[in-house]
Each structure stands twice: as C-alpha cells, then as structure tokens.
Amino acid sequence: MTAPPWLEVLDETLDACRTHGREDLALRLRRRRDRPSGGTRVAVLGFPKQGKGYLVNAVLNAPVCAVGDAPTPAVPVEIGYAAEPAATLVGRADERIPVALERLTGEIGARPTGSLRRVEVGVPRELLSAGLVLIDTPAIGDPRSARTAAALDVLAEADAVILVSDATTPLSPAELALAHHVRTWCPHVLLALTKVDVCPSWRAVAEEDRTALSGAGIDARVLPISATVRQAAAKTGDQELNARSGFPELLSWIAEQVARPADRSNALLAAVSVRAAAAELVETLRTRAEMAVKDAGVDQTTLLHRAQRKADDLRKRNTRWQNLLSDEIADLMSDAEFDLRERTRHIVEVIDETFDRGDPLKVWDEFGPWLDDTLVKAVETNYRWAAERAEWIAQAVAVSFGEQYEQPDLQFVDADAELIGEVRQPRIEAFKIGQKMFTGLRGSYGGVLMFGLITNISMGLGMFNPVSAAAGVAFAAKTISDEGGMRRQRRQAVAKMTAQRHVDDVFLRFSKDCRDAIRGVQRKLRDHFTALADELSEQLAKEREMIIAGSAERERRTARLRGEIERLASLHQRAGELGLLAGRAPRELPA
C-alpha cells in the first residue's frame, strides 16, 4: 500500500519540530499522523458560561453534559454511539473505569485532580451511529491552566470545531484570538452564537462577529442557535419552532463533516497541521536567528570595542606604572642616602662637641659604646624608613596598574646591624709623672737662669737665690701646663678623627646596602607587574580571538537557522499544495 503524500510532509515537519526542541508541536503532529482511521471528531470549545453543555445536550436531545451551576469536568468528554447509555473514565495510564451515566458527575468529582485523561460517554443516538464523536471540552480560561491545556489539546485530533459564544456581547479579543488559534489547527470551524432567544439584538451581534472574523482572516461560519427553543420544540414536536432554533442548520453542518471523504479530510487536516506547526516553528527559529544576528552584530562590535579599550588601558597603565616606579625609586634612593647622611651628620656634631670639651682619656670609655649604639639605631631607622617607603611605592604602583591587582610581597632586606663593628679606640698617650717632672725641670732651668742673671747683675746676688728659685718654680709649672694642654689637643684630634672615620665607614657601607635593597625592590616590582601586564595582554589577545571565533560560530548558526527556515517554508508550501489538492487553499506563509 502506497503511503499518502501528506504523510511524508507531516513526518518531515515532525522531525524538524523535534530537532528544534518543540516537542509540543511534534506531539500534536504525531497524534494527527497516528489518528485512527474512520469516524469524525467534532470538538465544542468556548469560554465559561457560553452554553457549550446546553448546545451538546440539545444536539443529542439528551442530558449528557453538565449544565448550569453543576460542576463541569476538567477533562474532555467524548460522546459517541452506544446501544446502551454508558460512561467510562479513562485514567492517565489509559486505565478504563466504567461508571453509570447517571453517577458520572459524582464519579468525576470523587477522582483526584489530574488523575483522568478523558471521559467517554456512549448514548444510543442515530446522529452518532455513523462514527461521529462530539467532544465537550473544559471551559477556556487562564492560558496557563490545566483546563485550557486540556481543551486545546483536542485540536490535535479534531476534524471540526464548534466555537461557542453567546449573543449577549460580540466576540471579545480573547474569543477572537481563540478562534484564530482554532482555525490555524483545524480547517472546519463554525461559530455557534447561543442564547439568541434571550438577546433581542443577536442579529447585530452576529453581524459584528462575522465582520470581526472576516477582518481577522478567519474562515468560519456564524450560526445563531437557541438550545432552549430546541428543547421546547423537541417536547412539543413543533418543526417550525425547531427550525427557528437554528439546530437543523447546525446538524446539517455536522452531517457535512461526517460525510466528507476520509482521504481528503485527512490530507486537509495534515496540511493544516503541518502549516500551523511550521508557522510556529518558523517564528521560534526567526527569534533565535534575530538573537544570533544581534549577537553577531551590535553585541560583537561592542565586545571588540570593549576589548580594544582594555588593550589601550593596559598600554596606558604600563607606561604609567613604569614611569611612577622609576621616579619613585630614584627619589627613594636619594632620600634614603640623604636621611642616613643627616643622621650621621648629627652624630659627627655630637662627636665634635664631645671631644672639643672632653678629654678622650676620660670620656672614651663612655663615648665608644654610645657611638656604637647610636650608629646601629641610625642605620636601623634608616632601613625601616626605606622599607616603609618601598611599601608605599609598591601600593602606588599597584594602584596605577589597577586597584584589582595585588602588590607582590617585597620582603625588604633588614639592616644587618651586626656588621657594624665597635669603634676602635685610638692610641691615646697619657701625660705621665716622669714626663711632667722632666718637662718641669726643663721649664724651671730657664726661669732660674734668667732671673739668676738679672738678680746677680742688679742686686749682686748669686745665680741661685730665692727670686730665681721662685721663678724656676713658676716656669716649671707653666711648662708642665702648656705641655699637658698640647697633649690633650692632640688626643682630642685623634679621637675625633677616629670616630668620624668610623662614622664615614658605616655610612658608606650601609648607604650602599640600602641602595642595593632599594634596587632589589625595584626589580621585584618591575618583574611582578611586567609579568602581570604580559598575562593581561595575553588574556586580551585570547578574548579577542574568542570574540572573533564566536562571531564566526554565530554566523554559522545564523546560516543554519536561515536554512532551516527556508526548509520549513518549503514544507509549508508543500502542505499548501496538499491543501489545494484536498479542496482548500490555506493562506501562504511568508518566507
């Protein structure tokens, strides 16, 4: 047996829906494809309180559906032919539970919510004997509700739909949207305008409804009916009253659906379903393609500009932190040397003052330890100050590079104070007793000789007399005093020179060490931030490559989506040709 042409188109569309993640559309097409042959399913849809139940009961002349304030089932009620009235509850696992028709409402209410898939009712009506199944659906309401989903789900297998709206008001926007959705999935739609017996202005409403449907491009006939008049006519057997109810025309329309050849009906239903699914899928793919184009267009340019700005900022930061580091390190070395120089200069001043007034013989024992301690403190203070200044420079460089980046661990070299040796005590000669006696005798000899000659000539005294003896003592004392003073000055000069030379040695050694330590800080900061700059530059290069690569991928994805849209448009076109073959001409889908 050769498969019908529509089956290939439907399967291809079904695969496309599945491929692009529209399982809901794939499920509808699968149900349309696997629908059992034979029979005609006419669904009755509408919003609450529009008279769906009255309409179905009036068509069948039997109280099958709940009406008025009675609770209505949340699942579709399928009414077919049966020799004896019967009802069956069909569960979610397709389990079948027979129940008495008169207890149907109570049995449905006793079941947990969501446990039923549908309700099947059989009634002995000739209208249904040819395979007609009327489906009373739950009222349409919140688009997210289970009732609405269950009602719209019947469109996957419906051959025709009776859309119910009462004559009290024209079609609302929501009813018009429902009509458009129903017409998209089902080719045969009739709008039943109910309650015309209680609405004197129903003719105007019917005309407004026809105009609204036509304006929306919905091919649906508007048929005014009255279930109340129908029931009254059935009780009295009044044919004229029955004709005025509008139900004979409704039954004729239903009979047309039943009489339609199955092969043409299946081809038309498949064509409409394929076109509806293709249209929804194309909208989905178009949305994705537009997003991809947006990503590949404006957003990609933005990303590239952003990456370029980052690269420019990085270059500026590199120049800024390098200049800052060079300047600050030069200043630090100069300042550190000046600081140590100042500290040692004050020490030298103290040395000069100490030995200007003090005799090294008396003060050196106290002066030596003081000088050693003072030099150690001066060097350590200078190093601490340089270390703090280096930390500040590291923070400043890190900030100029970018606040989000951490500074390296500097570990500034501490001053090794143990390298400062003790000041060497100079060789200081004391003015000993023997030296003083010899110096005094030498001075007294001159005094005795000078005043002995004077007193001998003038007074006729001998060379050694009391006057010359006193002069010799005076000259001896002065000579000793002068010699002691000169010896003290020589000791002070030697002590000064020794202490100052020691201070200079300490300054030269530790100023050199401090400069080396500062150079080490400079190299560490330079290496750290250079490596960081290289890493950021490499990241920016990779980011730019990823943007460009992402752009190529988005372009490929966009091309694939456009190819799929064209393929779906082709399926849409082929479905339209199938619809033409089946006697209908659905609207074309723009490519």
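This text follows the structure it describes.
Residues numbered from 1 in each chain as written. Predicted model: local features only at pLDDT ≥ 70, side-chain atom pairs only at ≥ 80, totals over all residues. Heavy atoms only, no water.

1. Here we look at the side chain of Asn-465
- Following the sequence through the fold, Asn-465 ends up in the loop between helix 13 (433–459) and helix 14 (466–581).
- Overall, Asn-465 belongs to the buried group, its relative accessible area being 6%.
- Of note is the side chain of Asn-465, whose polar atom sits 2.6 Å from the side chain of Thr-455.
- Beyond its immediate sequence surroundings of up to four residues, Asn-465 is in contact with Gly-452 and Thr-455. (Helix = DSSP H or I, 4+ residues; strand = E, 2+ residues; numbered from the N terminus. Buried < 20%, exposed > 50% of the residue type's maximum accessible area, 1.4 Å probe, protein only. Polar contact = N/O pair within 3.5 Å; in protein donor to acceptor, adjacent residues only side chain to side chain. Contact = heavy atoms within 4.5 Å.)

2. A look at the sheet that holds strand 5 (residues 116–123)
- Read across the open sheet, the nine strands follow the order 4-3-5-2-6-1-7-8-9; overall the sheet is mixed. Taken across any chain shown, the strands that pair with only one partner, and hence form the sheet edges, are strand 4 (96–99) and strand 9 (221–224). Averaged over all pairs of adjacent strands, the angle between their axes in this sheet comes to 25°, without regard to strand direction.
- Bridge analysis of strand 2 (residues 77–81) against strand 6 (residues 132–136) gives three bridges, and the strand direction is antiparallel. Across the sheet, Glu-78 pairs through a bridge with Ile-135, a residue of strand 6.
- Contacts between helix 6 (residues 173–185) and the sheet are confined to strand 1 (40–46), strand 7 (160–166) and strand 8 (189–194), with strand 7 contributing the most and set at about 175° to the helix. (Pairing = 2+ DSSP bridges. Axes fitted to C-alpha atoms, helices over the stretch in contact; angles between N-to-C directions.)

3. What about the packing of aromatic side chains?
- Applying the stated criterion to the full structure yields seven aromatic pairs.
- Plain terms: the ring middles of Tyr-383 and Phe-510 are 6.4 Å apart, the flat faces sit at 80° to each other, and that makes the pair edge-to-face. Placement of Tyr-383 in helix 12 (residues 360–401) and of Phe-510 in helix 14 is noted, with a sequence separation of 127 residues between them. For the pair Tyr-383 and Phe-510, a shared accessibility class is recorded, and that class is buried.
- These aromatic residues form a ring-pair network of at least three members: Phe-355, Trp-364, Phe-367 and Trp-370.
- Over the face of the ring belonging to Trp-185 we find Arg-28, whose NZ or CZ atom lies 4.7 Å from the ring centre.
- Stacked on the ring of Phe-507, the Lys or Arg Arg-341 has its end atom at 3.7 Å from the ring centre. (Phe/Tyr/Trp six-rings, centres within 6.5 Å; stacked < 30°, edge-to-face > 60°. Lys NZ or Arg CZ within 6 Å of the ring centre and 35° of its normal.)

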